[in-house]
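So the chains spell out like this:
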Amino acid sequence: MASAIIQPWRDFPALRIGHFQPSVGVRYDDHTMLVRQIPGANGTALIPPNYAEYGAEIIYDRPQWLTLSAGLFLPTALASMTTITPAGETVALLKSVAADAALPDLLRSPTLTARVVLSPRTDDHRINTYIGASVLNNDVFTLVNAFAGVGWTNYLSLMAEYARSGVENGRQTEAVSVELMAQPFVWLLPFVRYEYGTTRISPQSSPAALFTSQIVLGGQFFPLPFVEFRPEYRITTTEAFASQRWTVQMHLFF
């Protein structure tokens, strides 16, 4: 991924152009979040952690408690994703990217995005909040996210997100994630997260046919600045199995 942000004047909107991930929901540093996956025993990534497209976004963040963005992207990566039909066949997520060979991809089937975030806070920045929503649409595929959070700086935070995606006459997904995190020390942040999601192969299928329910107990441990270990204990239930397992993530920030 690489992009440039052009903003000639501080109070004017900024233009971001390049190859980057469109603004969708909240971008976590944990790609295992259920709101980024397709719920169910065979769940895969709904929005892969390395998903990026060539395109542009206009971003406006004046006043500081308001952020608006709108984007236009090529559909190259999105068109390479797949979905499952009610007959069990694996097909391309988008119907067709090349409807008219005389036009470039951007004009044939652009990905359109929009996002709004309100982030009021107290004057001393001790209490921080945010609430927002985003939508991504291309051809027959739509993804809508709604999210909110509140934080007591250096002590406690609570955040939640709801994601709903749909393929016209095809797969429908819903997922919600709620996480509570504390900060007893600057180098240790324990958290607990509850997630639940369902997948329908078609709009008419049962919402309980495919599901994932998950409780994650973990912590963010920084032995050194910019080096993080994230041990997690996951209690997962799906329509096909139930499991308990330990996982460990390592994050390097630079």
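These figures come from a predicted structure and were not determined experimentally.

## Regarding the pattern of salt bridges
Where side chains of opposite charge bring their charged atoms close, a pairing between them can arise.
Then comes step 1: Within this structure, the stated rule accounts for 10 salt bridges.
Then comes step 2: Here Asp61 ties to Arg62 by a salt bridge, and the two come within 3.1 Å at their closest N and O atoms.
Then comes step 3: The partner of Glu179 in a salt bridge is Arg193, and the shortest N-O contact between them spans 2.9 Å. Taken together, the residues span a long stretch of sequence, with Glu179 in strand E11 (residues 172-182) and Arg193 in strand E12 (residues 188-200) at a distance of 14 residues. Arg193 shares its class with Glu179; the two are buried.
Then comes step 4: One network of salt bridges, with partners in common, ties together Asp29, Asp30, Glu179, Arg193, Glu195, Glu228 and Arg230.

## Focus: the packing of aromatic side chains
The geometry of two aromatic rings is summed up by the distance between their centres and the angle between their planes.
Then comes step 1: Under the definition given, this model contains 8 aromatic pairs.
Then comes step 2: Note on Trp9 and Phe12: the rings are 5.1 Å apart at their centroids and 50° apart in plane angle, and the pair reads as tilted.
Then comes step 3: Plain terms: the ring middles of Phe20 and Phe73 are 5.4 Å apart, the flat faces sit at 75° to each other, and that makes the pair edge-to-face. On the criterion of sequence distance, the pair formed by Phe20 in strand E2 (residues 14-20) and Phe73 in strand E4 (residues 66-73) is long-range, its members being 53 residues apart.
Then comes step 4: For Phe20, a relative accessible area of 1% puts it in the buried group.
Then comes step 5: Note on Phe73: relative accessible area 0%, which makes it buried.
Then comes step 6: One aromatic cluster in this structure is built from Phe185, Trp187 and Phe221.
Then comes step 7: Of note, Arg16 hangs over the ring of Phe20, and the distance from its end group to the ring centre comes to 4.0 Å.

## Focus: the environment of Thr173
Then comes step 1: Counting through the fold element by element, Thr173 comes out in strand E11.
Then comes step 2: Exposure remark for Thr173: the relative accessible area of 3% places this residue in the buried category.
Then comes step 3: With 38 residues separating them along the chain, Thr173 and Phe211 place their C-alpha atoms 9.4 Å apart.
Then comes step 4: Each residue touching Thr173, except ones within four places of it in the same chain, is listed here: Ile38, Pro39, Leu46, Ala163, Arg164, Ser165, Thr198 and Thr199.
Then comes step 5: In terms of polar contacts, Thr173 uses its side chain to reach the side chain of Ser165, at 2.5 Å.

## Regarding the nonpolar core
Then comes step 1: Ranked by internal contacts, the top residues of the largest apolar core, which has 14 residues, are Leu46, Tyr51, Leu78, Leu93, Leu136, Phe141 and Leu143.
Then comes step 2: Discounting chain neighbours no more than four positions away, the residues touching Leu136 are Pro22, Val24, Tyr51, Leu78, Thr111, Leu112, Thr113, Phe141, Thr142 and Leu143.

Criteria and cut-off values
Residues numbered from 1 in each chain as written. Predicted model: local features only at pLDDT ≥ 70, side-chain atom pairs only at ≥ 80, totals over all residues. Heavy atoms only, no water. Salt bridge = Lys/Arg side-chain N within 4 Å of Asp/Glu carboxyl O. Helix = DSSP H or I, 4+ residues; strand = E, 2+ residues; numbered from the N terminus. Buried < 20%, exposed > 50% of the residue type's maximum accessible area, 1.4 Å probe, protein only. Phe/Tyr/Trp six-rings, centres within 6.5 Å; stacked < 30°, edge-to-face > 60°. Lys NZ or Arg CZ within 6 Å of the ring centre and 35° of its normal. Contact = heavy atoms within 4.5 Å. Polar contact = N/O pair within 3.5 Å; in protein donor to acceptor, adjacent residues only side chain to side chain. Core = buried A, V, L, I, M, F, W, Y, C linked by side-chain atoms within 4.5 Å.

Interpretation in functional terms is not warranted from these geometric data alone.
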